[in-house]
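# Coordinates in review
Each chain, written out:
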Amino acid sequence: MSISSLLFTSRDALISNQMAIDVTGGNIANVNTPGYSRQRTDLKSVGNVNVTGASAQIGVAVSRIERIYDRFIESQIIDQQQNTGYSDALLQGLQNIEVMIDETQGGGISDQLSKFWSSWGDLAKNPGGIVERSALLSTAENLTGSLASYKRNLDAIKTDLNRNIEDTVIQINEKVIEIKDLNKRIIETAGENGDKNGLLDKRTQALKELGALINIRQFENANGTVNAYLSNGETLLQGTQEQALSVQTNADGGCDVYSSNLSDDSVNSSLTRGKLGALIELQGRIIPEYIHYIETFTQSLADRVNELHREGFDAYNNTGVDFFTIPDEENRAGTIQVNSLIVADVNRIAVSTSVIGNGENASNINAIENELLMNSGTSTLSSFLAATVGQIGQQVSMAKTNSDRQTVIANHLDNQRESVSGISIDEEMIRLIKYQMGYNAAGKLVSVVDEMLDTLMALVK
Amino acid sequence: MRITDNMRFNTTVNNLFYTQSQYNDLMEKMVSLKKVNRASDDPIAATKIIDIRQGIAANGQYRRNIADCDTWISMTESKLSSAYDLLVKARQIAVGQATGTANTTTRKIASQDVQSLIDEMTSLANSKSGNRYLFSGSRNDIEPFSTVPSAATIEQAQESKGNTFPVGQGNVVSSGNYTGTVNKTYAVKIIKGGALAAATYQFSSDGGRIWNGPDLNFGTIFTETEGSGTEKRVLQGSVANTAGGSAITAATVWDTIAGAGVQDGTTFTIAGKNHDGTAVSGSYTIADASTGTVNDLLSQIETTFGSTVTATIDATGKITVEDTTAGESQLEMILTGSLPMPAGGTVDLGSDGVKLTFGAPAGETFGENDIFYVNANAGGYYQGNNDRLSLTISRGMDMAYNITGAEAFTASGGSVDIFKTLNDLKKALEDNDGQGISGQLENLKSAQDQIILNQSLCGTKANHSELAKNSLDNLDEKLTSLLSQAQDADLVEYTTRLSMKQVALQASYSVAAEIGNTTILNFLTK
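What this report covers is the structure whose coordinates are included nearby. Because the structure is a prediction, the values reported are computed rather than measured.

Before going further, it helps to spend a moment on the overall build of chain B. For chain B, the count of helices and strands is 8 helices and 21 strands. Restricting to contacts in chain B with at least 6 residues of sequence separation, those with at least 24 account for 67%. For chain B, the accessible area works out to roughly 24200 Å², and carbon and sulfur atoms hold 53% of it.

See the structure below:
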């Protein structure tokens with residue numbers, strides 16, 4: 001054991017503490033970096049000197065820089081992201097529908113419908129009145145206009161969803177490629193010290209972002225790469241091989257998502273979570289349901305009014321004329337209109353039940369207001385609309401509750417992750433003080449050794 | 001638990017957002033004064049609000065209807081009351097002139113008075129409310145009462161403007177001697193168009209309300225009711241329920257179906273849509289009602305709809321049509337019964353002697369739904385009909401608000417013909433016929449009773465509408481308060497809640513402001 005070796009010891013101590021300060025500095029610098037996991041310097045003692053009967057360790061070295069994280073929490077977060085992404089996108093889509101068909105503030109279809117019935121009631125009192133007939137025509141046209149705009153709005157949401165699905169699939173493919181690249185670099189840096197920790201953090205963050213878009217199952221391979229699969233087992237990413245998703249328009253004007261392996265079947269049915277899952281559900285199930293409601297409503301309204309109108313007599317005593325015409329049976333609400341005969345001449349409105357000219361047929365049509373035409377004879381046209389509004393309200397309200405709950409869970413998991421991997425400035429500052437003290441002490445050691453050497457030299461003189 | 005800086009920030013920000021969104025929510029409710037601003041705020045209340053608003057709108061309609069009925073009834077009442085006064089005067093004259101002291105001169109003068117009473121009576125019996133005659137039933141094209149009595153007449157036949165059958169060429173002529181006791185309007189509707197020999201028709205003796213009257217129960221439009229599966233549809237019709245006392249089966253011979261009124265040549269037109277929505281049509285004509293069976297009609301239905309359809313009839317006359325094709329089924333059927341146009345083109349419209357004769361020039365054909373009609377008058381002073389005018393005055397309740405001229409002034413609807421009585425009185429006065437004059441006293445008394453009866457009917461109707469109006473008022477009040485309950489925000493409650501939220505929000509802000517102040521950095525001094 002020589003004095004000069006003490007110099008090496010203090011050199012190692014200086015380097016080790018500096019490294020620890022470097023790592024602490026890195027932690028402080030990344031305090032706000034998303035997905036960053038705090039790192040800790042592990043020091044170990046090296047070199048020993050044997051004295052009779054015992055030995056003492058007299059050096060220090062950095063054994064490794066440890067990335068502190070909890071694999072379980074991270075994969076829980078990736079899983080939770082799929083729920084959060086789904087519930088947020090679903091809520092947004094449902095709110096779009098709600099705004100379009102909300103009737104609680106008046107001015108919607110149910111108001112137009114009330115006015116339509118009321119016009120028949122007025123006409124019943126004055127069957128010959130041209131003013132009443134014209135008023136009926138205009139309320140009927142307002143009603144068909146409202147139905148068409150309701151349908152147009154739903155169609156527009158459906159079309160917007162196409163663009164949204166395409167964009168989301170592009171984002172998914174980009175994320176998968178990002179993860180693939182990270183996989184590749186993680187293999188390349190295997191065994192080296194490099195900045196593997198940073199790559200792992202980035203990949204975890206990318207997986208979370210991917211989870212918010214689509215439901216995936218992910219596994220880590222022995223070589224450090226991850227694989228991602230769809231819930232039906234279809235591969236999305238296997239090590240450094242990705243399978244991109246693609247979008248095709250289907251017969252209903254919606255979008256189907258396909259995996260790029262050569263299967264002909266769309267993977268829509270296995271997309272149940274993440275943003276894409278919500279979009280597919282909105283487009284495939286929820287919007288068609290509301291379109292179906294409005295189509296059923298339109299058909300029942302037109303069928304029943306026409307049925308009575310055909311039996312009645314107009315001002316010229318013609319009979320057998322429909323009041324509404326629906327040119328396109330596939331798009332009833334969008335195309336329903338008042339019979340062009342009536343538009344051209346309001347005297348063609350069949351107000352009377354006999355050739356003598358009474359208002360009974362108008363009364364009869366007015367009474368449809370209270371007929372239980374919908375839901376197998378359990379509700380009126382108006383309460384059917386009310387129930388539809390109630391349903392969207394219920395769905396939005398449930399989606400809101402769910403979204404809130406998912407956010408709470410996500411926040412909780414984020415907090416847990418922060419608790420493990422997050423940076424506490426207080427802690428880092430204390431570490432800084434600790435390592436600074438170590439560094440200062442090592443520096444002091446150098447000057448002591450220097451003095452010792454001086455003393456030794458003085459002995460020689 | 002290890003607390004890191006991001007945890008502190010996130011917790012603060014999340015809670016701040018949460019409090020802010022609740023605060024905003026309350027603000028919106030207070031500003032709009034509504035607790036339901038969109039369906040999702042309270043889906044059940046939203047549904048209720050729409051239902052209630054519809055109810056209130058419908059009540060508005062009923063209220064307007066009641067007001068119109070009231071106007072009509074009070075006008076009727078006042079006209080009847082004037083009529084009563086006129087009858088009182090007439091009776092005074094009759095009493096005065098029936099005595100021996102009256103002579104030719106006084107009776108002559110009195111007859112002039114009676115004439116002016118008749119004129120006044122005619123004028124008030126012909127009065128209008130708006131543009132409709134008060135005492136004309138539903139007929140509005142001529143004055144209900146004429147000054148001179150007419151014999152029973154069948155007016156000229158009329159055609160609808162939209163007929164395919166050429167208008168205005170005199171191709172349809174009315175004939176016959178009307179034997180009915182009330183004024184009626186007869187109508188003929190062409191069911192199957194084409195040349196005269198091929199056409200079929202239905203007729204009505206009440207202007208088109210009921211086709212074929214009691215004589216032919218077929219012709220009802222069959223309504224569709226959904227079956228449980230997707231392929232099954234049941235179409236209901238009303239065939240007369242009995243076949244000579246026994247249940248109707250497919251083998252039942254047409255002649256034996258009581259009340260169906262079918263005859264040789266009765267045609268059923270079948271129109272509808274088959275399971276995939278394609279329109280189909282066909283027809284079946286009974287060649288010989290004494291041998292043809294219901295099964296012939298069922299076979300024709302099956303042929304019309306295609307081989308996947310089976311048609312059956314049950315004992316109540318309900319025809320069930322089933323389609324075995326899988327998939328969305330849109331089965332629809334309208335079955336219409338009609339009579340063949342007789343050779344020569346003359347059709348009898350019921351048993352009161354009204355006939356219409358069609359003469360189709362070569363090449364001219366009937367169109368489906370062509371309408372021809374004719375008014376038949378029973379004779380006398382009254383030209384109107386016995387139709388009730390009615391309006392809906394509350395949900396599911398119609399009120400007939402008119403008194404017909406027949407009820408008020410004629411013997412066919414009431415007990416005595418007032419115009420005839422007055423004219424007879426005048427005649428007796430002119431003729432200086434003391435016996436005749438006193439003979440009218442009894443009639444005048446009955447006439448007064450008849451008017452009083454109708455006045456009291458007006459009173460009943462007015463009461464009825466008053467009751468309906470009161471219950472509407474009650475209902476409206478209830479609906480309005482329900483709407484308010486469902487929709488309106490309670491300001492007191494919300495103000496309190498808002499100030500609570502304000503406190504929470506302020507606390508959140510002050511915590512947020514403090515968040516950076518408590519760290520070790522504050523204590524590290526050089």
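Let's shift gears to the packing of aromatic side chains. Taken as a whole and assessed by the stated rule, the structure comprises 20 aromatic pairs over all chains. Ring centres of Tyr-293 of chain A and Phe-384 of chain A lie 5.9 Å apart, and the angle between their planes is 90 degrees; this geometry places the pair in the edge-to-face category. Taken together, the positions of Tyr-293 of chain A in helix 6 (residues 274-311) and Phe-384 of chain A in helix 10 (residues 381-421) put the pair 91 residues apart, joining distant regions of the chain. Ring geometry for Phe-358 of chain B and Phe-366 of chain B: centres 5.3 Å apart, planes at 80 degrees, overall edge-to-face. The buried category is assigned to Phe-358 of chain B, whose relative accessible area is 2%.

All names here are of chain A. When the terminal C-alpha atoms of helix 1 (residues 3-29) are compared, their 39 Å separation across 27 residues agrees well with the 39 Å that a helix rising 1.5 Å per residue should span. Taken residue by residue, helix 1 has Thr-9, Ser-10, Ala-13, Ser-16, Asn-17, Ala-20, Val-23, Thr-24 and Asn-27 as its buried positions. Elements that come into contact with the buried residues of helix 1 comprise strand 1 (39-51), strand 2 (54-67) and helix 11 (425-460).

It is possible for side chains bearing opposite charge to pair when their charged atoms get close. Residue and element names in this part refer to chain A. Evaluated as defined, the whole model comprises 48 salt bridges over all chains. For Lys-175, the salt bridge identified is with Glu-178, shortest N-O distance 3.1 Å. You can see Lys-175 and its partner Glu-178 sitting in helix 4 (residues 130-188), 3 residues apart, about one turn around the helix. The exposure class of Glu-178 is partly exposed, given its relative accessible area of 33%.

Residue and element names in this part refer to chain B. The sheet built from 3 strands is open, its strands ordered 6-17-16 with antiparallel pairing. At either margin of the open sheet sits one strand with a lone partner, and together these are strand 6 (172-175) and strand 16 (346-348). Strand after strand, the sheet turns through a mean of 25 degrees between neighbouring axes, direction not considered. Both strand 16 and strand 17 (residues 355-358) contribute to a ladder of 3 bridges, which runs antiparallel. The residue bridging Asp-348 from the neighbouring strand is Lys-355, located in strand 17.

The rules behind the values
- Residues numbered from 1 in each chain as written.
- Chains lettered and ligands numbered in written order.
- Predicted model: local features only at pLDDT ≥ 70, side-chain atom pairs only at ≥ 80, totals over all residues.
- Heavy atoms only, no water.
- Helix = DSSP H or I, 4+ residues; strand = E, 2+ residues; numbered from the N terminus.
- Contact = heavy atoms within 4.5 Å.
- Areas by Shrake-Rupley, 256 points an atom, 1.4 Å probe, with all protein chains shown as cover.
- Phe/Tyr/Trp six-rings, centres within 6.5 Å; stacked < 30°, edge-to-face > 60°.
- Buried < 20%, exposed > 50% of the residue type's maximum accessible area, 1.4 Å probe, protein only.
- Expected span 1.5 Å × (residues − 1).
- Salt bridge = Lys/Arg side-chain N within 4 Å of Asp/Glu carboxyl O.
- Pairing = 2+ DSSP bridges.
- Axes fitted to C-alpha atoms, helices over the stretch in contact; angles between N-to-C directions.

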